[in-house]
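One-letter residues, chain by chain:
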Amino acid sequence: MTWLITGGAGYIGGHVVRELAAAGVPVVVLDDLSSGRTAHLPPGVPLVTGSTLDRPLLDRTLAEHRVTGVLHLAARKQVGESVERPLFYYHENVEGLRTVLAAAVDAGVGRVVLSSSAAVYGMPDVDLVDESTPCLPMNPYGETKLAGEWLLNACAAAHGLSAVSLRYFNVAGAAAPELSDPGAANLVPLVFRRLTAGLPPLVFGDDYPTPDGTCVRDYIHVSDVASAHLAAVRRLEAAGPAERVRLTLNIGTGRGASVLEMVDEITEVTGIRIAPETAPRRPGDPARVVASAELIRRELGWSARHDVRSMVTSAWAGWQHLHP
Ligand code: WQD
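Definitions and cut-offs
Residues numbered from 1 in each chain as written. Predicted model: local features only at pLDDT ≥ 70, side-chain atom pairs only at ≥ 80, totals over all residues. Heavy atoms only, no water. Core = buried A, V, L, I, M, F, W, Y, C linked by side-chain atoms within 4.5 Å. Buried < 20%, exposed > 50% of the residue type's maximum accessible area, 1.4 Å probe, protein only. Helix = DSSP H or I, 4+ residues; strand = E, 2+ residues; numbered from the N terminus. Arc of directions from axis to C-beta. Contact = heavy atoms within 4.5 Å. Polar contact = N/O pair within 3.5 Å; in protein donor to acceptor, adjacent residues only side chain to side chain. Salt bridge = Lys/Arg side-chain N within 4 Å of Asp/Glu carboxyl O. Near = heavy atom within 4 Å. Areas by Shrake-Rupley, 256 points an atom, 1.4 Å probe, with all protein chains shown as cover. Nonpolar A, V, L, I, M, F, W, Y, C, P; charged D, E, K, R; others polar.

(A) Highlighting the nonpolar core. Core analysis: the largest hydrophobic core is formed by 41 residues, its most contacted members being Ile-12, Leu-20, Leu-71, Val-164, Ile-251 and Trp-302. Secondary structure elements with two or more residues in this core: β1 (2-6), α1 (11-22), β2 (27-31), β6 (162-168), α7 (222-238), β11 (246-251) and α9 (294-300). Here this core takes nine residues from α7, the largest share from any one element. Counting 21 residues, the second-largest nonpolar core is a separate cluster that includes Val-191, Met-311, Trp-316 and Trp-319.

Set out below in structure tokens:
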């Protein structure tokens, strides 16, 4: 069984490819290399350079590589950019998925894993977000991820596909320095940037209704995200011929960390001790988003293995690799 991994040269994609290849799962990567890098791919993994919007290329790739399942990770992922360019985000993320699904259905590919996001939940008003928490995305990026889940589920029902949507929480870290994300604009790299420039890390708001007043998130090591994909692939490959798997699963740890706790951890790991500075709240930031990771544990037997220290240590090694 060969799996097509769209976006397989990206930050998360590169980790997923590596995890599957190491487990002996045959893979082929489709990536437009807009943010992906060929250096993220292990030797011997075939790369098709092009867009998920290119239907003839998809048809050829599915046929030539005898693809039996698709992991669809290719997407645009900058929340701010999605607010400025919603048409671009809907086109790339929703039309891109629609094109992949149309090609998969016509080629008789019956298994699809979709990369989704905690952004589908928006501002959840619960201690632990489980998969039945209402989805109310707060920006076009989150909307495209939710629309993608709906489209996948509708196709699964109409065309008899097995489908798994994986909602990633706050992904950080790297399995190896050269696999880290050069374009990352999240808390951990932003704090590295400030500290290495001799500037205090910025804390966006310290008056949230949380224990230390700063926002709480569920940070998950990218290697754990990759192993969750392998678990989904195994589950789909183990399904009987008449079984249709339909799952929507959080990928998180079930443990929250505040911005101040993360900054402390980063200060500790980097050894650069500059006290953080409070800045105004960032619009649209929920106070707390922490996953319940129960369903994925029950359904796939998967749970996260890495802690925040290992995420920050490996992210720091990656940062130093990218900024020698
Ligand atoms: C985390 C916390 C910031 C930088 C985003 C997307 C989400 C998903 C993951 C893709 C927040 C605070 C940050 C800084 C700070 N993306 N912060 N100082 O917003 O939780 O999630 O990335 O799937 O959809 O929204 O992540 O890393 O930007 O911020 O205080 O310099 O850190 O306000 O509370 P976020 P983040």
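Resuming the write-up.
(B) Structural view of helix α2 (residues 55-64). Taken residue by residue, α2 has Leu-57, Leu-58, Thr-61 and Leu-62 as its buried positions. Around the axis of α2, the buried residues are gathered within 130° of arc, so they sit on the same side. Facing away from the buried side of α2, by more than 90 degrees, are the exposed residues Ala-63 and Glu-64. Contacts made by the buried residues of α2 are with β1, β2, β3 (47-49), β4 (67-72) and α4 (86-107). You can read the cap of α2 off the contacts: a side-chain oxygen lies 3.1 Å from the backbone nitrogen of Leu-57, and it is on Asp-54. The positive-phi residue at the C-terminal boundary of α2 is Arg-66, with phi of around 45°.

(C) How the structure looks around the pattern of salt bridges. All chains considered together, the criterion is met by 17 salt bridges. Where Arg-55 meets Asp-59, a salt bridge forms, and the shortest distance between an N and an O atom there is 2.9 Å. Of this pair, Arg-55 and Asp-59 both sit in helix α2, four residues apart, roughly one helical turn. We classify Arg-55 as partly exposed; its relative accessible area is 26%. For Arg-309, the salt bridge identified is with Glu-265, shortest N-O distance 2.5 Å. Pair noted here: Arg-309 is in helix α10 (residues 308-322) and Glu-265 is in helix α8 (residues 259-270), with a separation of 44 residues, a long-range link. For Arg-309, a relative accessible area of 37% translates into the label partly exposed.

(D) Focus on the environment of Thr-6. Inspection of the secondary structure puts Thr-6 in strand β1. On the basis of relative accessibility, which here comes to 0%, the residue Thr-6 falls in the buried class. Spatially, the C-alpha atoms of Thr-6 and Asp-32 are 9.0 Å apart, while their sequence positions differ by 26 residues. With near-sequence residues (within four places) excluded, Thr-6 lies in contact with Leu-30, Thr-52, Val-70, Leu-71, His-72, Leu-73, Ala-74 and Val-100. Within the structure, Thr-6 has its side chain in polar contact with the backbone nitrogen of Ala-74 (distance 3.1 Å).

(E) The site of the ligand, seen in detail. Taken together, the neighbourhood of the ligand is formed by 17 residues, with Tyr-141, Leu-202, Arg-217, Arg-282 and Asp-285 sitting nearest. Between an oxygen atom of the ligand and a main-chain N or O atom of Leu-187, the distance comes to 2.8 Å. Arg-217 has a polar side-chain atom sitting 2.6 Å from an oxygen atom of the ligand. Within the complex, the protein chains bury 86% of what would otherwise be the 690 Å² of accessible surface of the ligand. Secondary structure elements with two or more residues in the shell around the ligand: α6 (187-196) and β8 (202-204). With three residues, the top contributor of residues to the shell around the ligand is β8. In terms of residue class, the shell around the ligand is built from 11 nonpolar, three polar and three charged.

Interpretation note: all reported values are geometric properties and have no functional meaning in isolation.
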